[in-house]
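Commentary on secondary and tertiary structure
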Amino acid sequence: MQQTEKGGTEEATVDVKFTDLPNALIACKVPEDLFSEGSSLKTTFEALFRSFDPEVQFQYFKSFRRVRISFSDALAAAEARLRLHKTDFSGKEMRLYFAQSVHIGNPRLEPPKPDKQFLISPPASPPVGWSQSLDATPVVNYDLLCAISKLGPGGKYELHTATPTTPSVVVHVCDDERGGDSSAPDDSDQDDKPRPLRPKIVQTRRPDYTPGEEQ
């Protein structure tokens with residue numbers, strides 16, 4: 001951009017560069033005979049674009065029914081599209097579109113970064129600073145085992161004592177279905193006998209809420 005000052009006013013002039021514009025066109029909706037070998041339509045088709053650029057090159061894609069026209073100058077490609085887009089060619093309305101250019105920094109596929117390699121199964125190598133973690137020694141809670149061994153049918157046990165702000169937790173153990181008779185036969189021998197109903201578990205009632213009580 002160039003700026004000049006004349007009479008206290010500023011005038012700006014912008015230099016437009018067409019280097020970023022695509023220099024190729026994609027022609028679609030062309031006759032199928034254009035892709036035949038030795039077709040006279042090719043000579044007529046190529047002559048339309050050689051009038052804008054004598055060094056134009058053509059690539060025919062028969063499976064897609066597309067033709068790529070590569071110009072040596074982006075201005076020639078823009079002028080050709082302006083004049084030939086949606087024009088009649090051998091009974092078909094030819095459509096011309098600018099070809100999208102894809103820039104690939106490196107033509108080779110690079111390996112993933114080292115900080116992501118541990119996500120691969122199996123990992124190629126562990127990340128820096130990684131070390132094998134040791135499993136902790138299992139802890140046996142003998143107090144819990146002792147309390148469980150003392151549980152018997154028909155009893156109730158208070159696990160948590162009530163406080164002014166929290167209720168108590170009481171476990172009610174269900175009675176034995178066989179009435180405490182250890183000599184009773186197994187369930188396999190009682191298929192023909194009706195089973196006694198299970199006692200209903202009484203839910204612990206929530207204590208009354210007092211609005212003035214401090215939580």
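This section reports on the structure supplied with the text. (Residues numbered from 1 in each chain as written. Predicted model: local features only at pLDDT ≥ 70, side-chain atom pairs only at ≥ 80, totals over all residues. Heavy atoms only, no water.)

1. Regarding the nonpolar core
Note that soluble globular proteins tend to have their nonpolar side chains buried in a common cluster. Applied cut-off: We call a set of buried residues a nonpolar core when its members are Ala, Val, Leu, Ile, Met, Phe, Trp, Tyr or Cys and they connect through side-chain atoms within 4.5 Å of each other. Type-normalised accessible area, obtained with a 1.4 Å probe on protein chains alone, sets the label of each residue: buried when under 20%, exposed when over 50%, and partly exposed for intermediate values. Helix and strand assignments follow DSSP, with helices taken as H or I runs no shorter than four residues and strands as E runs no shorter than two, numbered in order from the N terminus. Residue contacts are counted whenever heavy atoms from the two residues lie within 4.5 Å of one another.
In terms of nonpolar packing, the biggest core is built from 20 residues, with Phe-45, Phe-49, Val-67, Ile-69, Phe-71 and Met-94 touching the most fellow members. Looking at this core, the element that brings in the most residues is helix α2 (residues 74-84), giving four residues. Residues contacting Phe-49, with those up to four places away along its chain left out, are Val-56, Phe-58, Ile-69, Phe-71, Ala-80, Leu-84, Met-94 and Leu-96.

2. Examining the packing of aromatic side chains
Short version of the rule: To pair, rings of Phe, Tyr and Trp, with the six-membered ring standing in for Trp, must have centres within 6.5 Å; the planes then decide the type, stacked if under 30 degrees apart, edge-to-face if over 60, and tilted in the middle.
Considering all chains together, one arrives at seven aromatic pairs under this definition. Ring centres of Phe-35 and Tyr-60 lie 6.4 Å apart, and the angle between their planes is 90°; on these two criteria the pair is classed as edge-to-face. Pair noted here: Phe-35 is in the loop between β3 (24-28) and α1 (40-50) and Tyr-60 is in strand β4 (residues 57-61), with a separation of 25 residues, a long-range link. Under the relative-accessibility criterion, Phe-35 is labelled buried at 8%.

3. Quick notes on the sheet that holds strand β5 (residues 66-70)
Put simply, the rule reads: In this scheme, strands are said to pair when DSSP sees at least two bridges between them. Throughout, an axis means a line fitted to C-alpha atoms (over the contacting stretch in the case of helices), and angles, computed between N-to-C directions, take values from 0 to 180 degrees.
Within the open sheet, the five strands sit side by side as β4-β5-β3-β7-β6. Their pairing is antiparallel. Strand pairing shows two members of the sheet lacking a second neighbour, β4 and β6 (87-89), which therefore form its edges. Taken over all neighbouring pairs, the strand axes of this sheet differ in orientation by 30° on average, direction set aside. Bridge count for β6 against strand β7 (residues 92-98) is three bridges, and the pairing is antiparallel. Its bridge partner being in β7, Phe-89 is matched across the sheet by Lys-92. Strand contacts of α1: β3, β4, β5, β6 and β7, with the helix running at about 135° to β4, the strand carrying the most contacts.

4. A few points about the pattern of salt bridges
Pairing between side chains becomes possible if they bear opposite charge and their charged atoms approach one another. Where we set the bar: When a carboxyl oxygen of Asp or Glu is within 4 Å of a side-chain nitrogen of Lys or Arg, the pair counts as a salt bridge.
Enumeration according to the criterion identifies five salt bridges in this entry. Ionic pairing is found between Glu-46 and Arg-50, a salt bridge with its closest N-O pair at 3.3 Å. Linking Glu-46 with Arg-50, this pair stays in helix α1, spanning four residues, or about one helical turn. Across the salt bridge formed by Glu-79 and Arg-83, the nearest N and O atoms sit 3.4 Å from each other. Of this pair, Glu-79 and Arg-83 both sit in helix α2, four residues apart, roughly one helical turn. The class of Arg-83 is exposed, set by a relative accessible area of 55%.

From the geometry alone we can't say anything about function, so treat these as descriptive.
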